[in-house]
Amino acid sequence: MVREERLQLILKQLSKENKVRLEQLSILLNVSEDTVRRDIKVLGSQGLLKEVRGGALANSPSPHHYRDREKYDLGQKQAVALKALSFLRDGHVVFFDGGTSVVALAACLPKNLKITVVTNSFPVVSVLEDHPNVEVIFAGGRLCKVSFTAIGEDAINTLKSVRADICFLGVCSIHHVIGITAKDYEDAQIKKIMIAQALKTVALSTIEKPAQRKLFV
C-alpha cells in the first residue's frame, strides 16, 4: 500500500472514531508503528489531525476566530441557550465566559430577569448593554483579538474577587478522559478561575464538541 492510500485510510478511520492509535493502525494498514507515526506526522503538518502520544485525535470542526464562530451552527447554539435559561433565577450572580454559545444565552435572557453578570467577553457586554434588569460587571484586561475577550492578570483578579452562583462556560472542546480543554493557554486560565469561583458550572456545548481535544486543560 502506497503512502497516499495509507493517509486516506487513516483519515477515514479518524472520521469514524475521532481518535486512532498507533497499534490499531499498524494492524489495519499492515505496516510498522514507526511507519504509522510518520504518516500521522505528515497529516499533522497539514493540519488534518492533532498528533498525541500513541496516536492522533480529530480536529474540532468548529472555527477558532470569533467572527467565524458567531455565524457557525446558530440553530444548535440557540437550542443550547434556551435550555440553559432553566438554571437562572432572580438574584443570581453569574459568570458568562467568552464563547459564542454564551453570547446566544445572553441574547435570549428575559427582560424581567434580574441577575448580575460578570464577564470578560466584549460581545456579551454589547448584547447586555440595553437589558433593563441585568447588572453587568466587566472583567477588563488585555484584549484577545481572536476571541474578543479580556485576558491577563487584571481580568483574573476581577474574577477572583467574585463568588458566583453559576458559571456558564463556552466550550472549545471536550475529551472523554481529560474533560474540557481549550486551544489557548490564557483562555484556559480564565475558565479555571470561573469554575473555581462558582458554585455550579454549566458547559454550553454543541453536538460536535464531545470527543474533541485541544491543548490546555
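The sections below set out a description of the structure shown in this document. (Residues numbered from 1 in each chain as written. Predicted model: local features only at pLDDT ≥ 70, side-chain atom pairs only at ≥ 80, totals over all residues. Heavy atoms only, no water.)

**Considerations on the packing of aromatic side chains**
For step 1, the next point in the chain: What the rule picks out here adds up to 2 aromatic pairs.
For step 2, the next point in the chain: Between Phe96 and Phe168, the ring centres sit 5.7 Å apart and the planes meet at 90°, which makes this aromatic pair edge-to-face. One end of the pair, Phe96, is in strand E4 (residues 93-96); the other, Phe168, is in strand E9 (residues 164-170), and 72 residues separate them in sequence.
For step 3, the next point in the chain: For Phe96, a relative accessible area of 0% corresponds to the buried category.
For step 4, the next point in the chain: Relative accessible area serves as the criterion here: at 0%, Phe168 is assigned to the buried category. (Phe/Tyr/Trp six-rings, centres within 6.5 Å; stacked < 30°, edge-to-face > 60°. Helix = DSSP H or I, 4+ residues; strand = E, 2+ residues; numbered from the N terminus. Buried < 20%, exposed > 50% of the residue type's maximum accessible area, 1.4 Å probe, protein only.)

**Regarding the packing of helix H2 (residues 22-29) against helix H3 (residues 33-45)**
For step 1, the next point in the chain: Close contact between H2 and H3 brings their axes to 9 Å; oriented N to C, the two are set at 105°. When the interaxial angle is binned, H2 and H3 end up roughly perpendicular. Of the residues in H3, those in contact with Leu22, Glu23, Leu25, Ser26 and Leu29 of H2 are Glu33, Val36, Arg37 and Ile40.
For step 2, the next point in the chain: Broken down by class, the residue content of the contact of H2 with H3 amounts to 5 nonpolar, 1 polar and 3 charged. (Axes fitted to C-alpha atoms, helices over the stretch in contact; angles between N-to-C directions. Parallel < 35°, antiparallel > 145°, perpendicular 65-115°, else oblique. Contact = heavy atoms within 4.5 Å. Nonpolar A, V, L, I, M, F, W, Y, C, P; charged D, E, K, R; others polar.)

**Brief notes about the packing of helix H1 (residues 3-17) against H3**
For step 1, the next point in the chain: For the pair H1 and H3, interaxial distance at closest approach is 10 Å and the crossing angle is 75°. The angle between the axes of H1 and H3 places the two elements in the roughly perpendicular class. Residues Arg3, Arg6, Leu7, Ile10 and Leu11 of H1 lie in contact with H3, whose contacting residues are Thr35, Arg38, Asp39, Val42 and Leu43.

**Focus on the side chain of Ser121**
For step 1, the next point in the chain: Within the secondary structure layout, Ser121 lies in the loop between strand E5 (115-119) and helix H7 (122-128).
For step 2, the next point in the chain: Relative accessible area serves as the criterion here: at 0%, Ser121 is assigned to the buried category.
For step 3, the next point in the chain: In this structure the side chain of Ser121 is engaged in a polar contact, spanning 3.1 Å, whose partner is the backbone nitrogen of Val124.
For step 4, the next point in the chain: Apart from residues lying up to four places away in sequence, Ser121 is in contact with Asp97, Gly98, Val103, Phe138, Phe148 and Thr149. (Polar contact = N/O pair within 3.5 Å; in protein donor to acceptor, adjacent residues only side chain to side chain.)

**A closer look at the pairing of E5**
For step 1, the next point in the chain: Counting buried positions along E5 gives 5 out of 5 residues, so the element sits mostly inside the fold.
For step 2, the next point in the chain: Burial along E5 is two-sided: Ile115, Val117 and Thr119 facing one way and Thr116 and Val118 facing the other are all buried.
For step 3, the next point in the chain: Assessed by its sense of winding, the connection that carries the chain from E4 through helix H6 (residues 100-107) to E5 is right-handed.
For step 4, the next point in the chain: When E5 meets strand E6 (residues 134-138), the two strands line up parallel, connected through 5 bridges. Paired with Thr116 across the two strands is Glu135, which belongs to E6.
For step 5, the next point in the chain: Following the backbone out of E5, through H7 and into the adjacent parallel E6, one traces a crossover that is right-handed. (Right-handed = clockwise from strand over helix to strand, strands pointing away. Pairing = 2+ DSSP bridges.)

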